[in-house]
Every structure is written in structure tokens, then in C-alpha cells.
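Residue-level listing of the chains:
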Amino acid sequence: MERKLSFDLHVLTARLDRAADRILRAEHGVSYSRFLALTFVGELGASTQRALADRLGVTEPSVSRMTAVLAAEGLLVVQPDPGGGRSRRLSLTGKGKQLVAAAQQGLEERLAAVVAESGVPYDEYARQTARLLTTFEHLEALK
């Protein structure tokens, strides 16, 4: 049976997500989905729940529940938007920033080890992956 690249990429992504979830839960006590939320808040700066929901591809009520948990754990600050309305502004706490930095470094080191084990040059794989992501972003912006 011949495999297709689209299927292989899907399987690889699913395996990476599951592995990241196991590692993050064991070493940092946070799920991969919550880690992604924290990472996106850090990348976007003091963002809104709506922006985070869009970035994660989930509903705003789902993000509201997740951010409440992350705030209760001392990883995230959720404040009313100074402009008023029902909007909530998000920012990482010092503890949240430390968790994201440590977890990102640990995940990157593990992925680099897997790539090295495969015999694929890391720099080449990173460059080609970035190229694919840029192409997808460009195509999505045209829609």
C-alpha cells in the first residue's frame, strides 16, 4: 500500500501532538492545548480571548473556560479590556513565561533528537517546514 504525503503529514502531526502532550503533562503539569494557549498569548502579547480563540480554532466560551483555569494556576492574567465591553485582555504571568520558555526548549530538544535519529538534516527540515507554513499562510490570506 502506497502512502501519500498528506496522510503521512497528518500521522506525523498527530504523533507529535500526543508526544508533546505526554511530555508536557509529565514535566510541567500542563496539557498541550493549554501550553499552546499560553504560547499564543506570549506570541500575541496582551491579547484578547477572541484573538486566542481564533488562533486556536476553538470557540470563545471554550477559551474562556481554559483561561479561567490557567489564571487560577497562576500562569495567565485575565483582565477586563480598558476600552470597555465584555472583552478580556490576556497576558502571561512571570510563572507562565517561565513555563512556556522551559517547555518550548524541552520540546525543541526532543524534536531535534528525533530529527537527528532519522538522519534528516535538522536545518534543512526546519527550512522546508518554515517554507510550507509560509506558503499556507499566504494562500489562506488570499481567501
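Report follows, based on the coordinates. The numbering scheme is per chain: residues are counted from 1 as the chain's sequence reads. Residues qualify for local features only when their pLDDT is at least 70, as the model is predicted, and side-chain atom pairs are given and counted only at 80 or more; totals for whole chains, interfaces and linings, by contrast, use all residues. Only hydrogens and water are set aside when side-chain values are computed; all heavy atoms of the structure are taken into account.

1. Quick notes on the side chain of Ser 31
Applied cut-off: Where helices and strands are cited, they refer to DSSP runs of H or I of at least four residues and of E of at least two residues respectively, numbered from the N terminus. Whenever two N or O atoms come within 3.5 Å, that pair is a polar contact, provided that in protein one can donate a hydrogen and the other can accept it, and provided that, for residues adjacent in sequence, both atoms are side-chain atoms. In this description, contact between two residues means that some pair of their heavy atoms is separated by no more than 4.5 Å.
Along the chain, Ser 31 falls in the loop between helix H1 (5–28) and helix H2 (32–44). For Ser 31, the side chain forms a polar contact with the side chain of Ser 33, separated by 3.2 Å. Within the structure, the side chain of Ser 31 is placed 3.2 Å from the backbone nitrogen of Arg 34, a separation counted as a polar contact. Not counting chain neighbours up to four residues away, the residues in contact with Ser 31 comprise Asp 21, Leu 24 and Arg 25.

2. Things to note about the packing of H2 against helix H3 (residues 49–56)
Stated formally: To get an axis, a line is fitted to the C-alpha atoms, and for a helix only the part in contact is used. The angle between two axes follows their N-to-C directions and goes from 0 to 180 degrees. Oblique is the label for any angle not under 35 degrees, not over 145, and not in the 65 to 115 range, which are roughly parallel, roughly antiparallel and roughly perpendicular in turn. In a left-handed crossing the near helix is turned counterclockwise from the far helix by less than a right angle, and in a right-handed crossing that turn is clockwise.
It is at 10 Å that the axes of H2 and H3 come closest, and there the two elements cross at 120 degrees. Taken together, H2 and H3 sit at an angle that is classed as oblique. For the element pair H2 and H3, the recorded crossing hand is right-handed. Facing Leu 36, Ala 37, Phe 40, Val 41, Glu 43 and Leu 44 of H2, the residues of H3 in contact are Leu 52, Arg 55 and Leu 56.

3. Topic: the sheet that holds strand E2 (residues 76–80)
What counts, and what does not: Two strands are counted as paired when DSSP detects at least two bridges linking them.
One open sheet accounts for three strands, arranged E1-E3-E2; its pairing is antiparallel. Each of the sheet's edge strands pairs with one partner strand only, and the pair in question is strand E1 (47–48) and E2. Bridge count for E2 against strand E3 (residues 88–92) is five bridges, and the pairing is antiparallel. Within E3, the residue paired with Gln 79 across the bridge is Arg 89. Packed on one face of the sheet, H2 meets E1, E2 and E3 and runs near 95 degrees to E3.

4. Digging into the side chain of Gln 49
As a reminder of what qualifies: Under the scheme applied here, a residue whose accessible area is under 20% of the maximum for its type counts as buried, over 50% as exposed, and between as partly exposed, the area being computed with a 1.4 Å probe on protein chains only.
Mapping Gln 49 onto the fold places it in helix H3. On the accessibility criterion, Gln 49 (9% relative accessible area) is buried.

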